[in-house]
Amino acid sequence: YPLKVFGKDEDDFERYVLTLLREFLSEEVEISMSSKLSSKGSYLAVTATFVASSREQIDAIYTSFSSNKRILMLI
């Protein structure tokens, strides 16, 4: 499942997204991460791809990420 998360370009944003995902995914689940900086360098788009176990798991991730102040948008 690909999840794209947008936030301000801070040193630890990609690691922060990974840490949040680990609250919902076990250590056995492989997460592929990539990131792209915005054209002006202010924002970072992090794409995390993983195998989800259920629709409920995806819904829980979206609910948690949507209420997080460091995350500006997710798709």
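Residues numbered from 1 in each chain as written. Predicted model: local features only at pLDDT ≥ 70, side-chain atom pairs only at ≥ 80, totals over all residues. Heavy atoms only, no water.

Asks: For this particular structure, what's the right way to read the pattern of salt bridges?
Replies: Side chains that differ in charge, positive against negative, can pair when their charged atoms come close. Counting across every chain of the model gives four salt bridges. We note a salt bridge from Glu 10 to Arg 70, for which the minimum N-O separation is 2.7 Å. Here the residue Glu 10 occupies a position in the loop between β1 (2-8) and α1 (13-22), and Arg 70 occupies one in the loop between α2 (55-66) and β4 (71-74), the gap between them amounting to 60 residues. Here the salt bridges share partners, and the residues they tie into one network are Glu 10, Asp 12 and Arg 70. (Salt bridge = Lys/Arg side-chain N within 4 Å of Asp/Glu carboxyl O. Helix = DSSP H or I, 4+ residues; strand = E, 2+ residues; numbered from the N terminus.)

Asks: Just checking my understanding: could you explain the sheet that holds strand β3 (residues 43-49) for this structure?
Replies: Remark on secondary structure: sheet strands pair via backbone hydrogen bonds, oriented parallel or antiparallel. Strand order in the open sheet formed by four strands is β2-β3-β1-β4, with antiparallel pairing between adjacent strands. The open sheet has two edge strands, β2 (32-37) and β4, and neither has a second partner. Taken over all neighbouring pairs, the strand axes of this sheet differ in orientation by 25 degrees on average, direction set aside. Here β1 pairs with β3 via seven bridges, running antiparallel. Following the sheet pairing, Val 5 is matched in β3 by Val 46. In the packing of α1 onto the sheet, the strands contacted are β1, β2, β3 and β4, and the crossing angle to β1 comes to about 135 degrees. (Pairing = 2+ DSSP bridges. Axes fitted to C-alpha atoms, helices over the stretch in contact; angles between N-to-C directions. Contact = heavy atoms within 4.5 Å.)

Asks: I keep staring at the nonpolar core and nothing clicks. Help me out?
Replies: The nonpolar side chains of a soluble globular protein tend to be buried with one another. Counting residues in each nonpolar core, the largest one holds 18 residues, and the members touching the most others are Leu 3, Leu 21, Phe 50 and Phe 65. Contributions of two or more residues to this core are made by β1, α1, β3, α2 and β4. Per-element accounting of this core gives the leading share, four residues, to α1. Sequence-distant contacts of Leu 21, defined by excluding residues within four places in its chain, comprise Leu 3, Ile 31, Ala 48, Phe 50, Ile 61 and Phe 65. (Core = buried A, V, L, I, M, F, W, Y, C linked by side-chain atoms within 4.5 Å. Buried < 20%, exposed > 50% of the residue type's maximum accessible area, 1.4 Å probe, protein only.)

Asks: Can you walk me through a nonpolar patch on the surface in this structure?
Replies: Judged by side-chain polarity, Tyr 43, Leu 72, Met 73 and Ile 75 come together as a nonpolar surface patch covering roughly 400 Å² of accessible area. Position of Leu 72 among the secondary structure elements: in strand β4. (Patch = residues over 30% accessible without salt bridge, like charges linked within 9 Å, V, L, I, M, F, W, Y side chains within 5 Å. Areas by Shrake-Rupley, 256 points an atom, 1.4 Å probe, with all protein chains shown as cover.)

Asks: Honestly, α2 in this entry has me stumped. Any pointers?
Replies: Every α-helical turn comprises 3.6 residues, leaving residues that sit three or four positions apart pointing alike. In this model, α2 (12 residues) spans 16 Å end to end at C-alpha, consistent with the 16 Å of a helix rising 1.5 Å per residue. Looking at α2, one finds that the buried residues are Gln 57, Ile 58, Ile 61 and Phe 65. Down the axis of α2, the sector holding all buried residues measures 100 degrees, keeping them to one side. In α2, those exposed residues whose orientation departs by more than 90 degrees from the buried face are Arg 55, Glu 56, Thr 63 and Ser 66. On its buried side, α2 packs onto β1, α1 and β4. (Expected span 1.5 Å × (residues − 1). Arc of directions from axis to C-beta.)

Taken by themselves, the reported measurements are silent on function.
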